[in-house]
Amino acid sequence: MHKTRVILTSALFGAIIGLFSLAAQAATVTVEAARDNTLYQNDQGSVSNGSGDYLFVGRTQGGVVKRAVIDFGDLSAVPAGATVTAVRVHLSLSRENSPLNTIRLHRLQADWGEGASNASSNEGQGAPSMTNDATWIHRFYDSTPWANPGGDFVATASAEFSADATGNYVVESTPALVADVQDWLENPADNHGWILVGEEASQSTKRFNSRENSAADSRPRLEIEYSGGAVNDFSGPWFDPDLDGEGYLVYKTPVGWVIWYFGYTPEGEQLWLISDLLELGEPELDRAYTFTMNVGEGGTFDMPAPPSTLLDWGTLEVLFTDYGNGTFVLESSNLLKISEVVKLVGVDGTQCVVE
């Protein structure tokens, strides 16, 4: 029978530590706008642009004020219990005919709508308001008004940025933006997005691309950096209670799932394996997933084997029956190990949610 003697090399050890370090770093998610609209100053609230390609901010040469509302909607890509550490808003300015303009983002205090109105040409004149459109007068046209024409929002801006030439802009993180998003994560019903308010005393109009714009990479995006939270309840050490001195370490990294095996060959020799990274989203219960397992060619800390010598060893089939139990089948040409495993401990911040 072929025997493989495996000693953990410094290169393999470094790879394991590196993956743990990567997983421990703050993660970032990007969320596209869920709805947006322009409020055109109009006493009847008869002008909107819910489905248009553009958003407008500022005052026109003719004295009409415009404000843009943006909501990024579902933030569930950030795990429950996470702490928001930075927030950035990405916008694309596609047309301008005014001097440098400071634009402020204020947190909206009431819900609003995006209807089917769709302006023509450069869209600066807007279009007739449609059902549920947000307008200068209405949160939802034409039945629900704002308490204050022009939008109900917090007087103190959460952030501001200066815009002049066309191009991409990033509204850099501020404590107020972080506080807004953290509250929305904890209280989703309070998430109504922000309103963009320009300098309205003189001509200052700027046109930004909306979420409907055909240039997908120019649409409004919300970048959220966070730490902690529910990494995943499957992450952690798993072991077979009937066996001694061996087990598995399951971990979700930002670039995929990885599993380590620490145990022995049938001859009692040490066997340490590492899987390839596998992108599988969130594992489902009672569904089998197959990982390719790799083994070092041998070496010592004084004379390590290079990472390129990691060889295909076999496979590991993983099936979770619930959040604390599963069946792991480790198989190669000379080993078949079927283990009914239990999770020993979870990774900090994990949780189990059963719907």
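All of these numbers come straight from a predicted model, not from anything done at the bench.

1. Remarks on the overall build of the protein
Argument step 1. Scanning the protein for helices and strands turns up two helices and 23 strands.
Argument step 2. Across the 355 residues of the protein, 48% fall into the buried class.
Argument step 3. Accessible area for the protein stands at about 16600 Å²; split by element, carbon and sulfur atoms hold 50% of it.

2. Brief notes about the sheet that holds strand β23 (residues 335-343)
Argument step 1. The eight strands are arranged β16-β17-β18-β19-β20-β21-β22-β23 in a closed barrel whose pairing can be described as antiparallel. The sheet shows a mean angle of 30° between the axes of neighbouring strands, direction not considered.
Argument step 2. Bridge count between strand β18 (residues 256-264) and strand β19 (residues 270-275): five bridges; the pairing is antiparallel. The residue of β19 that forms the bridge with W260 is I274.

3. So, the side chain of S204
Argument step 1. As for its placement among the helices and strands, S204 is situated in the loop between β13 (194-197) and β14 (206-209).
Argument step 2. In terms of polar contacts, S204 uses its side chain to reach the backbone carbonyl oxygen of E199, at 2.3 Å.
Argument step 3. With residues near it in sequence (within four places) discarded, S204 still touches V57, G58, R59, S98, N101 and E199.

4. A closer look at the pattern of salt bridges
Argument step 1. Enumeration over the complete set of coordinates arrives at 15 salt bridges.
Argument step 2. In this structure, the salt-bridge partner of E172 is R88, at a minimum N-O distance of 3.6 Å. Highlighted residues: E172 in the loop between β12 (167-171) and α2 (175-186) and R88 in strand β6 (residues 82-96), separated in sequence by 84 residues.
Argument step 3. For R88, the salt bridge is made with E225, and the minimal N-O distance between the two is 3.8 Å. Taken together, the residues span a long stretch of sequence, with R88 in strand β6 and E225 in strand β15 (residues 221-228) at a distance of 137 residues.

Rules used in this analysis
Residues numbered from 1 in each chain as written. Predicted model: local features only at pLDDT ≥ 70, side-chain atom pairs only at ≥ 80, totals over all residues. Heavy atoms only, no water. Helix = DSSP H or I, 4+ residues; strand = E, 2+ residues; numbered from the N terminus. Buried < 20%, exposed > 50% of the residue type's maximum accessible area, 1.4 Å probe, protein only. Areas by Shrake-Rupley, 256 points an atom, 1.4 Å probe, with all protein chains shown as cover. Pairing = 2+ DSSP bridges. Axes fitted to C-alpha atoms, helices over the stretch in contact; angles between N-to-C directions. Polar contact = N/O pair within 3.5 Å; in protein donor to acceptor, adjacent residues only side chain to side chain. Contact = heavy atoms within 4.5 Å. Salt bridge = Lys/Arg side-chain N within 4 Å of Asp/Glu carboxyl O.

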